[in-house]
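# Chain and residue survey
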Amino acid sequence: MQKIIDILKKFDIASIDKYKSTWVRCKLCSSEDLVQVAKALQTNGLRSLVTVSPTDFLDDNKIEMNYFFEDYITKRNCWLKCDIPREMQRCEIDSLTPYFKGANWSEREAFSMHGVRFRGHPDLRPIIVTQDFYNKAPFRMDFDWDKHEANQTQNIKLIVDELKNEQIQNDKLLGESDMMLNWGPAHPNSGPISLKVHCNGEDIISIDPDIGYVWRALEHLVTKKDFIEAIVVVERLCFMDNINAIIGYAQAAEEIAKVEITEFAKWLRVLLGEISRVTSHLMGIGGFFNTMGLHTVAMWCLDMREYFLDFFESYSGARIATAAVEPGGLRWGLQEDMLDELQKALDKFDDTKSSLEAIFIKNKTMYFRTDKVGCISADEVYDYALCGVVARASGVKIDVRLDEPYAAYDKITMDYITQKNGCAVDRLNMLYEELKQSIDIIKQAKKHIHEGIASGEFNPTKDHKVKFPKRLPKGEAISRVEWSRGEVLYHLVTQEKATNPYRLKIKAPSFNHTMMLNHLLAGQTISDIPLVFGSLYICQGDLDR
Amino acid sequence: MSHLFYEILLFPGIGYLLLVSVGLYWVFRKILAPMHKRVGPHFNGPAGSFQTIFDLSKLWTKESITPKGANVYLFSLMPLITLIIALLPTAVIPWTPTEIVVRSSYGVIIFVILIGLEPILLFLTAFSSSNKYALFGGVRVLVQMISMETAFFLACLSPAILFGTMNLHIIVQDSSWLSFAILFPGFIIFLIAFLGLLEQPPFDIPEAEQEIVYGVYTEYSGTNYFLLQLTKFAEFSILFAGGATLFMGGYKGIFFNGYLFLFLKMVFILFFMIVLRAGIVRITMQQMLAFCWRYLIVFSLLNLAWIFIAKALFMGSGI
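Because the structure is predicted, anything quoted here is derived from the model rather than measured. (Residues numbered from 1 in each chain as written. Chains lettered and ligands numbered in written order. Predicted model: local features only at pLDDT ≥ 70, side-chain atom pairs only at ≥ 80, totals over all residues. Heavy atoms only, no water.)

### Concerning the overall build of chain A
- Within chain A, the regular secondary structure consists of 20 helices and 15 strands.
- A compact globule built from 545 residues would reach a C-alpha radius of gyration of about 24 Å, and chain A, at 23 Å, matches this within 12%.
- Seen through its C-alpha atoms, chain A measures out along the principal axes to roughly 65 × 55 × 50 Å.
- Expressed as a percentage of its 545 residues, the buried residues of chain A come to 61%.
- For chain A, the share of sequence-separated contacts (at least 6 apart) that also reach a separation of at least 24 residues comes to 68%.
- Of the roughly 20200 Å² of accessible surface on chain A, a fraction of 50% belongs to carbon and sulfur atoms.
- Separation between the mean location of the 68 positive side-chain charges and that of the 79 negative ones in chain A comes to 2 Å. (Helix = DSSP H or I, 4+ residues; strand = E, 2+ residues; numbered from the N terminus. Rg over C-alpha atoms; globule rule 2.2 N^0.38 Å. Buried < 20%, exposed > 50% of the residue type's maximum accessible area, 1.4 Å probe, protein only. Contact = heavy atoms within 4.5 Å. Areas by Shrake-Rupley, 256 points an atom, 1.4 Å probe, with all protein chains shown as cover. Lys, Arg positive; Asp, Glu negative; His and termini not counted. Charge placed at Lys NZ, Arg CZ, Asp CG, Glu CD.)

### Observations concerning the overall build of chain B
- Helix and strand counts for chain B stand at twelve helices and zero strands.
- Traced from its N-terminal end to its C-terminal end, chain B shows the element sequence α-α-α-α-α-α-α-α-α-α-α-α.
- Projected onto the principal axes, the alpha-carbon positions of chain B cover approximately 65 × 45 × 45 Å.
- The buried share of chain B, reckoned over its 319 residues, is 56%.
- When contacts within chain B are restricted to residue pairs at least 6 apart in sequence, long-range pairs at least 24 apart make up 78% of them.
- Of the roughly 13600 Å² that chain B leaves accessible, carbon and sulfur atoms contribute 75%.
- Between the mean site of the 17 positive side-chain charges and the mean site of the 14 negative ones, chain B shows a separation of 6 Å.

### Focus on the interface of chain B and chain A
- Tallying the contact residues gives 23 residues for chain B and 35 residues for chain A.
- With both sides pooled, the region where chain B packs onto chain A buries about 2600 Å², and carbon together with sulfur makes up 59% of that total.
- Among the residues chain B hides against chain A, the three largest losses belong to F136, Q210 and V281 of chain B. Together they make up 25% of the total.
- Summed over the shared surface of chain B and chain A, the result is one salt bridge.
- The partner of R140 of chain B in a salt bridge is E202 of chain A, with the nearest N and O atoms 2.6 Å apart. (Buried area = accessible area lost by both parts, 1.4 Å probe. Salt bridge = Lys/Arg side-chain N within 4 Å of Asp/Glu carboxyl O.)

### Here we look at the domain arrangement of chain A
Residue and element names in this part refer to chain A.
- Each assigned domain of chain A is listed here: domain 1 (2–142) and domain 2 (218–544).
- Taking the mean C-alpha position of each, domain 1 and domain 2 sit 27 Å from one another.
- For the pairing of domain 1 and domain 2, the buried interface totals around 3200 Å² over both sides, and the portion due to carbon and sulfur atoms is 56%.
- Taken as a group, R47, Y72 and W105 account for 21% of the area that domain 1 buries against domain 2, more than any other trio of residues on that side.
- Viewed at the interface, domain 2 and domain 1 are joined by eight salt bridges.
- In this structure, K20 engages E255 in a salt bridge whose closest nitrogen and oxygen atoms are separated by 3.4 Å. (Domains from an automatic or database assignment.)

### So, the state of the cysteines
- This structure, assessed with the given rule, holds two disulfides over all chains.
- Here C375 of chain A connects covalently by a disulfide to C423 of chain A, the sulfurs 1.9 Å from one another. On the sign convention where negative is left-handed, the bridge of C375 of chain A and C423 of chain A, at about 95° about the S-S bond, is right-handed. Here C375 of chain A, found in the loop between α12 (364–370) and α13 (378–384), pairs with C423 of chain A, found in the loop between α15 (400–403) and α16 (424–454); they are 48 residues apart in sequence, far enough to count as distant.
- On the basis of relative accessibility, which here comes to 34%, the residue C375 of chain A falls in the partly exposed class.
- Ordering the disulfide-forming cysteines of chain A by sequence position, one finds them joined as 1-4, 2-3.
- Between C292 of chain B, a cysteine without a disulfide, and C156 of chain B, which holds the nearest cysteine sulfur, the sulfur-to-sulfur distance is 14 Å. (Disulfide = S-S within 2.5 Å.)

### Regarding the sheet that holds strand β1 (residues 13–19) of chain A
Residue and element names in this part refer to chain A.
- With mixed pairing, the five strands of this open sheet are ordered in space as β1-β2-β5-β4-β3. The open sheet terminates on both sides in strands that have one partner only, identified here as β1 and β3 (48–57). Sheet twist, expressed as the average angle between the axes of neighbouring strands with direction ignored, equals 15°.
- Sheet topology note: the β1/strand β2 (residues 23–28) ladder contains six bridges and is antiparallel. By the bridge assignment, Y19 is partnered in β2 with W23.
- Helix α1 (residues 2–9) contacts β1, β2 and β5 (77–85) of the sheet and is inclined by roughly 175° relative to β1. (Pairing = 2+ DSSP bridges. Axes fitted to C-alpha atoms, helices over the stretch in contact; angles between N-to-C directions.)

### Some words on the packing of helix α11 (residues 338–361) of chain A against α16 of chain A
Residues and elements named next belong to chain A.
- Between α11 and α16, the shortest axis-to-axis distance is 12 Å and the interhelical angle comes to 155°. By the angle class used here, α11 and α16 are roughly antiparallel. The chirality of how α11 crosses α16 is left-handed. The residues of α16 that touch α11, namely those facing L339, L342, Q343, L346, F349, D350, K353, L356, E357 and I361, are N429, Y432, L435, K436, I439, I442, K443, K446, I449 and H450.
- Per-class residue counts for the contact of α11 with α16 are eleven nonpolar, three polar and six charged. (Parallel < 35°, antiparallel > 145°, perpendicular 65-115°, else oblique. Left-handed = near helix turned anticlockwise from the far one by under 90°. Nonpolar A, V, L, I, M, F, W, Y, C, P; charged D, E, K, R; others polar.)

### A word on the packing of helix α6 (residues 132–163) of chain B against helix α10 (residues 222–247) of chain B
Residue and element names in this part refer to chain B.
- Two numbers describe how α6 lies on α10: the axes approach to 8 Å, and their chain directions differ by 40°. Comparing their axes, α10 and α6 come out oblique. Judged by residue contacts, F152, A155, C156, S158 and P159 of α6 engage L239, L246 and F247 from α10.
- A class-by-class count of the residues in the contact of α6 with α10 yields seven nonpolar, one polar and no charged.

### Re the sheet that holds strand β14 (residues 486–494) of chain A
Residues and elements named next belong to chain A.
- The strand order across the open sheet formed by three strands is β13-β14-β15, and the pairing between neighbours is antiparallel. On the outer flanks of this sheet lie β13 (475–483) and β15 (503–507), each paired with one strand and no other. Shown here is a sheet whose adjacent strand axes are inclined to one another by a mean of 15°, direction ignored.
- Across five bridges, the pairing between β14 and β15 is antiparallel. The partner of Y490 across the bridge, within β15, is I506.

### Describing the packing of aromatic side chains
- In this structure the tally under the stated criterion is 49 aromatic pairs over all chains.
- With a centroid separation of 6.3 Å and an interplanar angle of 40°, the aromatic rings of F311 of chain A and F312 of chain A are classed as tilted.
- Using a relative accessible area of 0% as the deciding quantity, one classes F311 of chain A as buried.
- Taking the centre distance of 6.4 Å and the plane angle of 55° together, the rings of F152 of chain B and F153 of chain B count as tilted.
- The buried category is assigned to F152 of chain B, whose relative accessible area is 0%.
- The ring of W483 of chain A has R485 of chain A lying over it, and the distance from NZ or CZ to the ring centre is 5.1 Å. (Phe/Tyr/Trp six-rings, centres within 6.5 Å; stacked < 30°, edge-to-face > 60°. Lys NZ or Arg CZ within 6 Å of the ring centre and 35° of its normal.)

### Re unusual backbone geometry
- The step from P201 of chain B to P202 of chain B runs through a cis peptide bond, and the omega angle for that step is 0°.
- Following the sequence through the fold, P202 of chain B ends up in the loop between α8 (177–197) and α9 (209–212).
- Backbone geometry places K20 of chain A, a non-glycine residue, at a positive phi of 55°.
- Tracing the backbone shows K20 of chain A in the loop between β1 and β2.
- The phi torsion at A137 of chain A lies on the positive side, around 50°, for a residue other than glycine.
- Topologically, A137 of chain A is positioned in the loop between β7 (117–119) and α4 (145–150).
- A137 of chain A gets classed as buried once you look at its relative accessible area, which sits at 2%.

Pasting the structure below:
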């Protein structure tokens, strides 16, 4: 930690402080230094640039750039800031993509959303947004959404024209035996994403993912809600694991409001979060086998998942979008008999586990098909800033629950789970092992809650939340959670006496993982697309936000 | 003459084959559903058994769309032609001890060739759709045909060599427990190769929906798609019956001979197919090719050698 501070102090810095136990926050005086500082950090182990988050300060006429660097090995992280001018022509900064491969799409996103131009970026095209948003920077504070919506027909025409134009261009550019395959968005296995697969017969030459089909501008939508209402926006990050998504946001809001939640709420967050992770991983395992035409596993897993959703229903009234967590604790108290519903789900899982493992997880044909496909090395994990299941399958020991324990994870007995080779099958095994780990954590948390209630330590109907203020002071916080797909980083900014968030940046894991597709699939055959795509455990919800 | 019409229209012709295809489709669903832990609708007919007919009639009455740029005549004609070709082999199969339409002494050859024609027709179907995914499907169908049919032909040849005839009727009559045992390796090869021909897991490569969106069927909808699906299930029935006839003694039963036993044997092969479908993943084109040419064809050649030896040893006659 001290070493990073020493390195940073050699440069021209406006402020530096320790933030939380694992972060150093530093503000640079000049954006010109950025590349030098980043290089210095990189040589000292902070190899992963997680995300780039511009914040638009309309009153100060500046855009503040936030860079989040992480070191996956020693868990030292650095949060770098610098200001750049706000005028469209002068809004420029040096690109870090030549040094940090993972910055590629993050910078493209900042370019499309805030109009920040990155000097020296190899491929600075807009991403996520459609043609009608090009060069308009929709996330800037002065962007007029109503005016934009008024031109609906014109906007659609722009998109259609561009599509036709692209078709004509493809016909001209492609060689005789090459073809451009549109893999999605209406493909049985693609989900709402379009992969432009340039292929020669069955061989892939390159893949260009075209994302943004489910772009709901969540990060903008949050700013229209107050701090409590925002949870329904944040949980739409992905329907499969919504609890952990809200936990992350709630922690950031609590940090700015300086609210400490109760011990009971912490334990219940762990419990709900892990159940949410289980429901998501069950779908992930099913989806993995679906990509190879085997639907049985998905059916079995969905069958198990229903029991866990039953618990959600009894607790929150909703099965999928639960909105159960809010800043200040949890939305509802707990009746102890609700946990009986959970016990049924755990029993169901224990019953099915052995046959699922024997028939499918250790299936020889499946190994034959998947053990040499889509391999990611540990170095690539660092460079592309991958996280979660994908990173751990390559043997990288990262897990926010252990690196930077939140809620009651510091009192849970758990350890890093990793696999060795980082191929498709390792990611499946990873999912399955994590599923078992989550079940174990659920059991621990459930036991602790039962004991706490019995000893009178917890009052389950009153303790679940503390009062959360309507207005928050000026502040800025980041919060990380281990989401089912990996680390989600929330960067929340508030203004003085704010009733709603000023800016919320959500760093979602699928964004970086999708960036890998071209790297993993170029040179393979089109049979491998669904498998690699499915094994990366991508959710289009958090890909586009 | 009227008997011939009866044979063409009812048994074992169109009417019977449609019925048995739909019936097998129903059995197919009924066996697969519990393996998937799926619960279907209970309310359509007794135990929901009309659901299959409802599904088919829905498909059949839907609008059939011909895409712009497709070869219209070929596109609309091919489903019908494939269906007719798929129904034809029924003529040479001895369904009951008395019912066999064409008593040809080249039954095996007719059967094998008509089955082998189907992939080429499917390729033409793909070709007429002028769709990239359909084209991928068509090419994959051809590649799979070349590799799988070699093994399939060699497997079908083994009963013909053992019994010294290509007449399916005589093959059934001469079959016994001993011949079943001798033909067992050939039967296994037949089962594997026919999975490839019918595009069933793990060889459902030509219609891999997650990869190439059902391949040749991509552009088809409504009636045309219904015809193609029916072709597939007619082909199922024919191949099950063919396998039962060639290797398992056809209509021969334990206490009496009759159609019932042939049907049970067909359901047995269907069951084998469904268990694989419920428990195995699709392999890639390259893996299929490697498997076929490195193992399957080698073993089918060895199997032929075994048949020659066994014939000399057990059947008491020279070659």
